[in-house]
Amino acid sequence: MQRIVVLAGGIGGARFLRGLKAAAPEADITVIGNTGDDIHLFGLKVCPDLDTVMYTLGGGINEEQGWGRTDETFKVKEELAAYGVGPEWFGLGDRDFATHIVRSQMLAAGYPLSAVTEALCDRWQPGVRLIPMSDDRVETHVAVELDGERKAIHFQEYWVRLRASVDALAVVPVGAEQAKPAPGVLEAVAEADVVLFPPSNPVVSVGTILAVPGIREAIADAGVPVVGLSPIVGDAPVRGMADKVLAAVGVESSAAAVAEHYGSGLLDGWLVDTVDKGAVERVEAAGIRCKAVPLMMTDLDATAEMARAALAMAEEVRG
Ligand code: FO1
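Residues numbered from 1 in each chain as written. Predicted model: local features only at pLDDT ≥ 70, side-chain atom pairs only at ≥ 80, totals over all residues. Heavy atoms only, no water.

K.L.:
Please give an account of the site of the ligand that cites residues and values.
P.N.:
Taken together, 14 residues lie near the ligand, and Asp-37, Asp-49, Gly-91, Gln-156 and Arg-163 sit nearest. With respect to the ligand, the side chain of Arg-163 contributes an N or O atom lying 2.8 Å from an oxygen atom. Computed on the free molecule, the ligand has an accessible area of 530 Å², of which 90% lies beneath the protein chains in the complex. With four residues, the top contributor of residues to the shell around the ligand is helix H6 (residues 155-161). (Near = heavy atom within 4 Å. Polar contact = N/O pair within 3.5 Å; in protein donor to acceptor, adjacent residues only side chain to side chain. Areas by Shrake-Rupley, 256 points an atom, 1.4 Å probe, with all protein chains shown as cover. Helix = DSSP H or I, 4+ residues; strand = E, 2+ residues; numbered from the N terminus.)

See below:
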């Protein structure tokens with residue numbers, strides 16, 4: 001059985017995984033989830049990227065939004081607002097609240113996040129093994145200039161409240177340096193036949209996972225094909241505001257620049273969209289096998305085709 005490890009952020013990673021499951025129904029898929037987006041609100045721990053993967057693969061996601069639960073209501077949020085308790089800019093729905101309550105209760109009882117995630121997945125049966133990148137707290141902060149003052153704000157405040165409307169001056173995964181990979185992460189990489197980077201944000205999703213000491217090294221040294229799919233199509237992010245955070249790390253917003261950012265020490269293969277076929281030569285010059293294929297996740301079939309192309313490229317570079 002083919003063992004596939006995927007480093008995933010939120011919406012892009014989750015949708016890609018749905019395609020991967022369709023493309024490789026027999027595969028044993030381990031997902032290493034980004035937890036740098038996690039935020040503590042109302043005394044609860046919210047893990048947006050883990051939940052987005054869990055709900056998407058488990059059939060509970062709000063399809064239009066790509067995050068949060070389907071068939072959601074916001075009574076608790078309204079009641080909190082009536083008490084003047086915010087933040088109001090972060091939409092936590094009633095059904096979603098239950099997940100955060102269970103998670104926070106288990107964490108308070110002493111269970112590590114990896115065990116809590118496994119317990120939550122018992123309900124959702126995502127069909128993959130979902131492991132947080134670390135059981136330790138890592139929180140992505142973004143340095144911005146607001147009202148003439150430089151300050152660091154939580155990633156969610158930058159992304160959701162400010163909609164990335166100001167420049168990101170720096171992106172810092174606070175706590176990453178001290179964090180350890182969660183149990184199972186390094187083992188999954190060591191046993192993998194292929195490692196995939198979905199079209200997730202290269203800085204605040206995949207980049208944060210790689211910032212946990214040991215994970216990047218394990219992937220680079222695993223001796224198996226590492227293949228990524230560009231989240232940038234035609235010099236703009238397919239969704240989200242990846243260009244803003246790419247600029248913060250000095251990377252131009254292009255499919256080729258993102259491949260170079262990961263580098264040939266990590267990546268063996270890179271898929272760019274057909275509109276970026278002009279980038280293939282530049283990526284190959286950087287020592288990374290590259291191919292142009294359609295990369296728009298418009299529906300399950302198109303996404304499964306992308307996953308098939310990634311797996312085919314893995315075979316090509318296996319050498
Ligand atoms: N994204 C938004 O744009 N607005 C929200 O109010 C919002 C709430 C939210 C609640 C739970 C959750 O799991 C995700 C949520 N997201 C929301 C998405 C999320 O903040 C980001 O898209 C990801 O963190 C980026 O990967």
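K.L.:
Which residues make up helix H11 (residues 255-262), and what are the values?
P.N.:
In terms of burial, H11 is a largely internal element, six of the eight residues being buried. All of the buried residues along H11 are Ala-255, Ala-256, Ala-257, Val-258, Ala-259 and Tyr-262. Within two residues after H11, Gly-263 carries a phi angle of roughly 85°, on the positive side. (Buried < 20%, exposed > 50% of the residue type's maximum accessible area, 1.4 Å probe, protein only.)

K.L.:
Give a description of the sheet that holds strand E6 (residues 139-146) that names residues and reports values.
P.N.:
Taken in spatial order, the three strands line up as E7-E6-E8 in an open sheet, and their pairing is antiparallel. Two strands close off the open sheet at either side, each with one partner strand: strand E7 (149-154) and strand E8 (170-174). On average, each strand axis in the sheet is inclined to that of its neighbour by 30°, with strand direction left out of account. (Pairing = 2+ DSSP bridges. Axes fitted to C-alpha atoms, helices over the stretch in contact; angles between N-to-C directions.)

K.L.:
So what's going on with the environment of Thr-303? Residues and values would help.
P.N.:
Mapped onto the secondary structure, Thr-303 falls in helix H13 (residues 300-318). On the basis of relative accessible area, Thr-303 is assigned to the buried category, the value being 3%. Between the C-alpha atom of Thr-303 and that of Ala-115, which follows or precedes it by 188 residues, the distance is 30 Å. Thr-303 has contacts with Arg-15, Phe-16, Gly-19 and Met-297, leaving out every residue within four places of it along the chain. A polar atom in the side chain of Thr-303 sits 2.7 Å from the backbone oxygen of Asp-299. (Contact = heavy atoms within 4.5 Å.)

K.L.:
Tell me about the state of the cysteines, and name the residues and values.
P.N.:
Taken as a whole, this structure holds zero disulfides when the rule is applied. Cys-121 carries a free sulfur, and the closest cysteine sulfur to it, the one in Cys-47, is 11 Å from it. Among the residues examined, Cys-121 registers a relative accessible area of 9% and is labelled buried. (Disulfide = S-S within 2.5 Å.)

K.L.:
Tell me what's going on with the pairing of strand E9 (residues 194-197), and back it up with residues and numbers.
P.N.:
Burial along E9 is two-sided: Val-194 and Leu-196 and Val-195 and Phe-197, pointing in opposite directions, are all buried. Sheet analysis places E9 next to strand E10 (residues 226-229), joined by three bridges and oriented parallel. Bridged to Val-195 within E10 is Val-226.

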